[in-house]
Structures are given as C-alpha cells and as structure tokens.
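Read off the chains here:
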Amino acid sequence: METPLDDPLVKRTTIRVRDMDKAIAFYEGVLGMKQYYNNDVVLDRHFLPGEKPGDKIHLVIMQGKDPVIGMIGLLKWLEPPQSPPPVTYDFEFGQPVFVVQCPDANALYEKAKAMGCEIRSALTETEYPAAAGGTVKVRSVGLFDPDGHFFECNQRL
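Overview of the structure. Note on numbering: residues in each chain are counted from 1, in written sequence order. For a predicted model such as this one, the threshold for reporting local features is a pLDDT of at least 70, and the threshold for listing and counting side-chain atom pairs is 80 or more; totals across whole chains, interfaces and linings nevertheless cover every residue. Processing note: side-chain calculations cover all non-hydrogen atoms of the structure and skip hydrogens and water entirely.

**Some words on the environment of aspartate 19**
Basically, it comes down to this: Secondary structure follows DSSP: runs of H or I at least 4 residues long count as helices, runs of E at least 2 residues long count as strands, and numbering of each begins at the N terminus. Only protein chains enter the accessibility calculation, which uses a 1.4 Å probe. A residue is then buried if its area is under 20% of the maximum for its type, exposed if over 50%, and partly exposed in between. Counting of polar contacts relies on pairs of N or O atoms within 3.5 Å, with two restrictions inside protein: one atom must be capable of donating a hydrogen and the other of accepting it, and residues adjacent in sequence are counted only when both atoms are side-chain atoms.
Looking at the secondary structure, you find aspartate 19 in the loop between strand 1 (12-16) and helix 1 (20-29). Overall, aspartate 19 belongs to the partly exposed group, its relative accessible area being 31%. Between the C-alpha atoms of aspartate 19 and leucine 75, which are 56 residues apart in sequence, the distance is 9.6 Å. A polar atom in the side chain of aspartate 19 sits 3.0 Å from the backbone nitrogen of aspartate 21. Among the polar contacts made by the side chain of aspartate 19, one reaches the main-chain amide nitrogen of lysine 22 at a distance of 3.0 Å.

Take a look at the structure:
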C-alpha cells in the first residue's frame, strides 16, 4: 500500500543504545520484536547530529507485527567510541514515550521482571476517553529499556 508524499507516515524511530546485545535482548525478549536489519554503516554525509564523515555505527532495526510501520532502530556509535551519559530512568524533554499494544500485559510484565528491567508502574488497569467517544479500558505496564527509554505497554480489555 503506497502512501502519497503529502501524507506523512512514521515508519521508524531510531534511538541510541549503550550495549547492542542488551538492547536486542530487551526488544526480542520483552517486546517480541524481530531483527529486520543488522549492519555496520560508515557515515559519509554529515546527516546525523554530532556525526563526521567516516564515523562508523552499528544499526539494528527491530520490527514488530506490521512490516512497514512501528519499527525501532537501535544505533550504537562504534568509531570514534563515545561515552554515553548514565541512564537516569526519568522523563526529560526530548525523550519519547513509546506506546506499545501487547496481547498479554501480564506475560510482558513477567518477562520484563525476569530480565531485570526497571519497572515504573507494575500492572494497572485504567479507562481512557476514546477518540471516537466512550472509553477504552486497558491493562498497562510502564517500564524502561536498558537505555532508559520509557515504554507504556497496553493490553486492551
């Protein structure tokens, strides 16, 4: 299904990670995503902030159920090596909140606990006003990935 150029479609969000193996383990083991792309890339056009031509990154793109939208890119800077700031497990300006639909919030919560994820909000149930009127009831888990990115994982009830 093609989208006209004047109709924006967000396909992927790419985030920086400290440890690629830990990041992949989270996205596969907790969220159930699969690797779509995994490669080292030499940057050559001064496109990313802080990049210089010749810098080398490792990029892994994780894919959920949809083959086009909702992908998450995991980017680790390889050359020159960089020292990332400590993980704060907070919600600061410039940080996204990822909202994930999950089929079983209880199972996701147990996987996250077993992996040692930072859990902000254990299983809760709440109702939100629905966009088309009425309400939507969800069971939710609020947690952070290994790099401090926040995920609101919802199961519709």
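**What about the sheet that holds strand 3 (residues 56-63)?**
As a reminder, the rule being used: For two strands to pair, DSSP has to find at least two bridges joining them. Note on method: axes are straight lines fitted to C-alpha atoms, helices fitted across the in-contact stretch only, with angles between N-to-C directions ranging 0 to 180 degrees. The contact definition used throughout considers only heavy atoms, calling two residues in contact when any of these lie within 4.5 Å.
A sheet is described by the order of its strands in space; here 4 strands give the open sequence 1-4-3-2, paired in mixed fashion. Taken across any chain shown, the strands that pair with only one partner, and hence form the sheet edges, are strand 1 and strand 2 (34-42). On average, each strand axis in the sheet is tilted by 20° relative to the strand beside it, whichever way the strands run. Set on the sheet, helix 1 makes contact with strand 1, strand 2, strand 3 and strand 4 (71-79); between it and strand 4 the angle comes to about 170°.

**Details of the sheet that holds strand 8 (residues 150-156)**
On the basis of which strands lie adjacent, the open sheet formed by 4 strands has the order 5-8-7-6 and mixed pairing. Whereas interior strands pair on both sides, the edge strands pair on one side only; in this sheet they are strand 5 (97-101) and strand 6 (119-129). Each strand of the sheet is rotated relative to its neighbour by a mean of 25°, with strand direction disregarded. On the sheet, helix 2 (residues 105-115) packs against strand 6, strand 7 (135-144) and strand 8 and is oriented at approximately 5° with respect to strand 7.

**Side note on the packing of aromatic side chains**
As a reminder, the rule being used: Pairing of aromatic rings covers Phe, Tyr and the six-membered ring of Trp, with a centre-to-centre limit of 6.5 Å; geometry is then stacked below 30 degrees between planes, edge-to-face above 60, and tilted otherwise.
Under the criterion given, the structure shown has 6 aromatic pairs. Geometrically, the ring pair formed by phenylalanine 26 and tyrosine 27 is edge-to-face, given 4.9 Å between the ring centres and 85° between the ring planes. For the pair phenylalanine 26 and tyrosine 27, a shared accessibility class is recorded, and that class is buried. Measuring from ring centre to ring centre gives 5.3 Å for tyrosine 89 and phenylalanine 144, while their planes differ by 70°; the resulting arrangement is edge-to-face. Within this pair, whereas tyrosine 89 is found in the loop between strand 4 and strand 5, its partner phenylalanine 144 is found in strand 7, the two being separated by 55 residues in sequence. Using a relative accessible area of 34% as the deciding quantity, one classes tyrosine 89 as partly exposed. Residue phenylalanine 144 is classed as buried on the basis of its relative accessible area of 5%. Feature note: the residues Phe26, Tyr27, Phe98 and Phe151 constitute an aromatic cluster, connected by ring pairs.

**Concerning the pattern of salt bridges**
So the rule is basically this: For salt bridges, the criterion is a side-chain nitrogen of Lys or Arg within 4 Å of an Asp or Glu carboxyl oxygen.
Per the stated rule, a full pass over the model turns up 5 salt bridges. Between arginine 139 and glutamate 125 there is a salt bridge, with its nearest N and O atoms 2.5 Å apart. Here arginine 139 is found in strand 7, whereas its partner glutamate 125 is found in strand 6, with 14 residues between them in sequence. When its relative accessible area of 44% is taken as the criterion, glutamate 125 is described as partly exposed.

**Focus: the side chain of aspartate 147**
Mapping aspartate 147 onto the fold places it in the loop between strand 7 and strand 8. We classify aspartate 147 as buried; its relative accessible area is 8%. A distance of 2.8 Å separates a polar atom in the side chain of aspartate 147 from the backbone nitrogen of arginine 18. The contact partners of aspartate 147, leaving out residues within four places of it in the chain, are Arg16, Val17, Arg18, Asp19, Ala23 and Val87.

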